[in-house]
Every structure is written in structure tokens, then in C-alpha cells.
Amino acid sequence: MKTTPAKARAYSRIGDGAMRFGTLAIDQRPPLMHLVAKALGKDPEDVASEVRELKGLLAETLAKSVTGILIDPHYAFPAAMPTLPRETGLMLTLEHHRFETVAGGWRKSALIPGWSVEQAVRMGADGLKLLAWHRPDAPPEVVEHQLEFVRRVGEECKKADRLFIFEVLPYPLPGEDEAAYHAKLRELSLEIAAAFADPGFHVDLYKLAIPGSASLVKEWGGQGYSLDDLEADMREYSRLPAPWLLLSGGLNADQFAQVFERAASAGARGYLAGRAIWQHPLRYYPDLAATRAALLEEGREALDRLNEILWAIPPMRLGVDWELVGVAG
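Because the structure is a prediction, the values reported are computed rather than measured.

Procedures and definitions
- Every residue gets a number counted from 1 within its own chain, in the order that chain's sequence is written.
- Given that the model is predicted, a residue must reach a pLDDT of at least 70 before its local features are reported, and side-chain atom pairs must reach 80 or more before they are shown or counted; all residues, however, enter totals for whole chains, interfaces and linings.
- Here the side-chain values reflect all heavy atoms present in the structure, with hydrogen atoms and water set aside.
- In this text, buried Ala, Val, Leu, Ile, Met, Phe, Trp, Tyr and Cys residues form a nonpolar core when linked through side-chain atoms within 4.5 Å.
- Each residue is assigned to one of three classes by its accessible area relative to the maximum for its type, calculated with a 1.4 Å probe on protein chains only: buried under 20%, partly exposed between the two thresholds, exposed over 50%.
- The contact criterion used is simple: two residues touch if any of their non-hydrogen atoms lie within 4.5 Å.
- In this text, helices come from DSSP runs of H or I with a minimum length of four residues, and strands from runs of E with a minimum of two, each type numbered from the N-terminal end.
- Charge assignment in this entry is limited to Lys and Arg as positive and Asp and Glu as negative, and neither His nor the chain termini are counted.
- Put simply, a salt bridge is a Lys or Arg side-chain nitrogen that is within 4 Å of an Asp or Glu carboxyl oxygen.
- Strands were regarded as paired on the criterion that DSSP finds at least two bridges between them.
- The axes used here are C-alpha line fits, helices contributing only the stretch in contact, and every angle between their N-to-C directions lies in the interval 0 to 180 degrees.
- A 3.5 Å cut-off defines polar contacts: any pair of N or O atoms within that distance qualifies, except that in protein one atom must be a possible hydrogen donor and the other a possible acceptor, and neighbouring residues in sequence count only when both atoms are side-chain atoms.
- When the centres of two rings from Phe, Tyr and Trp lie within 6.5 Å, Trp using its six-membered ring, the rings pair. Their planes under 30 degrees apart give stacked, over 60 give edge-to-face, and anything left gives tilted.
- Note on criteria: charge over ring means Lys NZ or Arg CZ within 6 Å of the ring centre, with the direction from the centre no more than 35 degrees off the ring normal.

**Q** I'm lost on the nonpolar core in this one. Help?
**A** What tends to happen in soluble globular proteins is that the nonpolar side chains get buried as a cluster. Residues I26 and V259 are the most contacted members of the largest nonpolar core, which totals 99 residues. Excluding anything up to four places from it in sequence, V259 contacts I210, W220, L227, L230, M234, L246 and L251. With 15 residues, the next largest nonpolar core counts I14, M91, L163 and I165 among its residues.

Right, here's the structure in full:
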């Protein structure tokens with residue numbers, strides 16, 4: 001694949017220089033807001049300072065073990081930036097954690113209010129991450145809204161010459177049978193990835209979940225399909241026009257390591273993990289000393305396990321189109 005000099009540099013910044021990406025996500029807002037609020041007996045809307053402090057702790061303890069980190073602008077950025085190692089690449093999230101729900105329970109995504117690709121670039125981002133909810137069976141107006149939303153952000157990232165890191169997730173509808181939803185997640189996961197396979201979306205990295213439901217994986221006690229089946233399906237992800245990373249999607253550390261090994265065999269270029277790394281260590285919160293100790297021990301151990309798999313992925317050569325900037329190659 002070929003890219004611009006600026007994007008080649010950005011790939012190198014958030015990866016290892018050989019198109020391998022061991023990256024950490026601390027951009028989550030509702031999960032951490034609710035965790036902090038529950039621990040402190042407060043309303044989730046009244047814990048902004050505590051969430052910032054906790055995200056700073058996550059960055060301080062874990063950033064040295066990853067090639068890049070994904071943070072949000074309001075909570076993580078002010079707390080994490082002073083502690084980030086100079087060699088750790090920076091990704092900033094774009095999407096608002098609140099989404100519009102229209103009749104029928106269908107979701108429309110939006111950017112964080114008052115936030116843009118241009119602002120993220122000014123704040124030093126090597127890559128811009130966007131999450132969009134998608135159901136191919138949604139009404140045409142909702143589907144088109146989501147497609148256009150992603151297309152517009154992709155065009156803005158291209159104009160800014162920064163990496164566009166795209167995450168797409170399905171979602172259950174209100175009243176939808178839980179078992180039926182999980183049963184169709186395997187097919188649905190592949191469908192939503194294919195919906196954004198057009199190069200016109202200008203995606204530079206895809207961030208994708210396992211194509212299925214963890215509750216149905218036979219090795220984890222389910223009755224649906226095996227890790228071999230998931231590996232075969234993930235090979236379809238590798239047909240996309242840009243490299244892809246595996247997201248942890250609520251899996252525990254052991255499950256994620258198992259499936260990441262399969263993803264790497266299927267062509268993934270790395271991982272972008274959050275809760276699989278820090279959720280269990282945060283059981284000690286609000287005891288910050290105990291939380292820090294658990295992150296340093298358990299969190300780093302989880303990352304070391306993933307990185308052992310990551311470094312075994314063969315290096316990938318990235319071509320630079322020097323003619324794009326008027327320089328002869």
C-alpha cells in the first residue's frame with residue numbers, strides 16, 4: 001500500500017515502524033464515568049475531575065508498554081499528556097459518547113460538540129479515531145446518515161493529512177431478543193465492515209471487534225462457534241482496503257489474548273485494547289495506590305502477553321508516494 005509522507009510518519013508514530021500496532025484505548029467515557037460514580041456514590045454527571053484523575057493514572061502506568069494511546073479531548077487529554085512518553089503515538093477520539101436515537105431505536109452518530117478534525121490536529125494527534133454505530137437493516141435515512149457521517153470525517157482527515165482510524169459497531173434495538181441478537185452477530189459483524197470497505201471513506205486503519213458474540217464461543221463455554229471459525233471470518237477483514245486492528249470489546253484479558261493470536265494469524269496488524277487491559281485492575285478503585293499497583297502488575301502483564309504475539313507478526317513495508325508532495329522518489 002502507498003500513502004502520503006505525513007501519514008507514513010503517523011503510522012510509524014502510533015506503531016513500531018513496521019506497521020505493527022500495540023495500542024491502548026482510554027477514551028471511554030460512560031464506562032469510566034459509571035465506574036467512578038458507583039465507587040464514590042455520586043451521579044455520573046458529577047465525576048469529571050475524578051475521571052480525569054483516573055485516566056491520568058491509566059496513562060501514567062500503561063503508556064510505556066504500548067506504541068500508541070487513544071484518548072478523548074475533555075477528560076484524558078489534560079491529565080494524560082503530561083505523563084505520555086515522547087515515543088508514544090497520540091490518537092484522539094472524535095465521536096460524542098451520546099448519540100441520537102430515532103423512532104425504532106436506531107442510532108445516529110455525531111461528533112463531540114465543539115470538536116473537529118482540525119482541532120484534534122492542532123492538539124498534536126497523529127491519528128483521529130471515529131466510532132460509528134451501524135445496522136444495515138436500519139431505515140434508509142439512518143443508513144445514509146451514518147455513511148455520510150463517516151465519509152465526511154474521512155474526507156476531513158484526508159485533507160488534514162492525518163490517519164483516519166475507523167471503528168464500526170452494531171447494536172441491539174430496544175426490545176430485541178438478546179439471544180436472537182447474539183445469534184446474528186457473526187453475520188452482522190462482517191456486513192458492517194463490508195459496508196465501509198469503499199476506499200472513498202478514506203479509512204487508514206480499521207478498528208474491529210471479533211465477528212461474533214463471546215457468549216457463543218465454544219472455548220469460552222458457548223455453543224455456537226469456535227476460535228477457528230472466528231479466525232476464518234477475520235480473514236474477511238483482511239480484504240478491506242486498509243490494515244485492521246482488533247478491539248477488545250469487553251473481553252477479559254485472557255479471552256482477548258486468545259482471540260488476538262487468531263486475529264494476528266488472520267492478518268490483523270495489531271490491537272487497540274481498553275477494558276481487557278484495565279477493567280480488572282480497576283476493581284481496587286477508589287484506592288488509588290492499590291489501583292496503581294494492580295495496573296503496573298496486571299495491566300502491564302496483559303500488555304506484555306499481547307505484545308509477544310504482536311512482535312511475531314511479520315513486518316509490513318509501507319510505500320510513500322513522494323509525488324503527492326512534489327518530490328521525486
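**Q** How do you make sense of the side chain of R107 when you look at a structure like this?
**A** With respect to the element layout, R107 can be found in strand 6 (residues 107-108). Despite its burial, R107 pairs with no opposite charge, the nearest such side chain being E176 at 9.0 Å. Residues in contact with R107, not counting those within four places in the same chain, are F99, E100, W133, V142, Q146, Y171 and P172.

**Q** Explain unusual backbone geometry here, please?
**A** Most peptide bonds are trans, and most residues other than glycine sit at a negative phi. Cis geometry marks the peptide bond from Y285 to P286, where omega comes out at 15 degrees. Following the sequence through the fold, P286 ends up in the loop between helix 11 (275-278) and helix 12 (288-310). Positive phi values are uncommon outside glycine, yet M19 reaches one of about 60 degrees. Here M19 lies in the loop between helix 1 (5-14) and strand 2 (21-25). Overall, the relative accessible area of 3% leaves M19 in the buried class. Although it is not a glycine, H202 adopts a positive phi angle of roughly 60 degrees. Checked against the element boundaries, H202 lands in the loop between helix 8 (185-195) and strand 9 (205-208).

**Q** Just checking my understanding: could you explain the sheet that holds strand 7 (residues 127-133) for this structure?
**A** To summarise the sheet geometry, strands pair through backbone hydrogen bonds and adopt either a parallel or an antiparallel arrangement. Taken in spatial order, the eight strands line up as 2-3-4-7-8-9-10-11 and close into a barrel, and their pairing is parallel. The mean inter-strand angle of the sheet, taken between neighbouring strand axes irrespective of direction, is 25 degrees. Taken together, the three bridges between strand 9 and strand 10 (residues 244-247) define a ladder with parallel strand orientation. Opposite K207, over in strand 10, you have L245 as the bridge partner. Packing of helix 1 onto the sheet brings it into contact with strand 2, strand 3 (68-71), strand 4 (89-93), strand 8 (163-169) and strand 9, and relative to strand 8 it is tilted by some 60 degrees. This element, helix 12, spans strand 2 and strand 11 (270-273) of the sheet and lies at about 160 degrees to strand 11.

**Q** Which parts of the structure should I look at to understand the pattern of salt bridges?
**A** Between side chains of opposite charge, pairing is possible as soon as their charged atoms come close. For the coordinates displayed, the defined rule picks out 25 salt bridges. Here D27 ties to K129 by a salt bridge, and the two come within 3.0 Å at their closest N and O atoms. In this pair, D27 sits in the loop between strand 2 and helix 2 (30-40) while K129 sits in strand 7, placing the two residues 102 residues apart along the sequence. The same class applies to D27 as to K129, namely buried. Several salt bridges converge on common partners, so that one network encompasses D27, R29, E95, K129, E167 and K207.

**Q** What is the right way to look at the side chain of R20 in this model?
**A** As for its placement among the helices and strands, R20 is situated in the loop between helix 1 and strand 2. Polar side-chain contacts of R20 include one of 2.7 Å to the side chain of D16. Once residues within four sequence positions are removed from consideration, R20 is found in contact with G15, T67, R269, L310, W311, I313, P314 and P315.

**Q** Hey, could you run me through the packing of aromatic side chains in this one?
**A** Where two aromatic rings form a pair, the distance of their centres and the angle of their planes describe that pair. Applying the stated criterion to the full structure yields ten aromatic pairs. With 5.2 Å between their ring centres and 55 degrees between their planes, F196 and F201 make a pair best called tilted. Each member of the pair F196 and F201 is classed as buried. Judged by centre distance (6.5 Å) and plane angle (85 degrees), the rings of F256 and Y271 are edge-to-face. Of this pair, F256 sits in helix 10 (residues 253-266) while Y271 sits in strand 11, and the two are 15 residues apart along the sequence. An identical accessibility class is assigned to F256 and Y271; each is buried. By way of ring pairs, the aromatic residues F164, F166, F196 and F201 are connected into one cluster. Geometry around W133 places R107 over its ring, the cationic atom sitting 4.5 Å from the centre. A cation over a ring is seen here: R135 above Y171, with NZ or CZ 6.0 Å from the ring centre.

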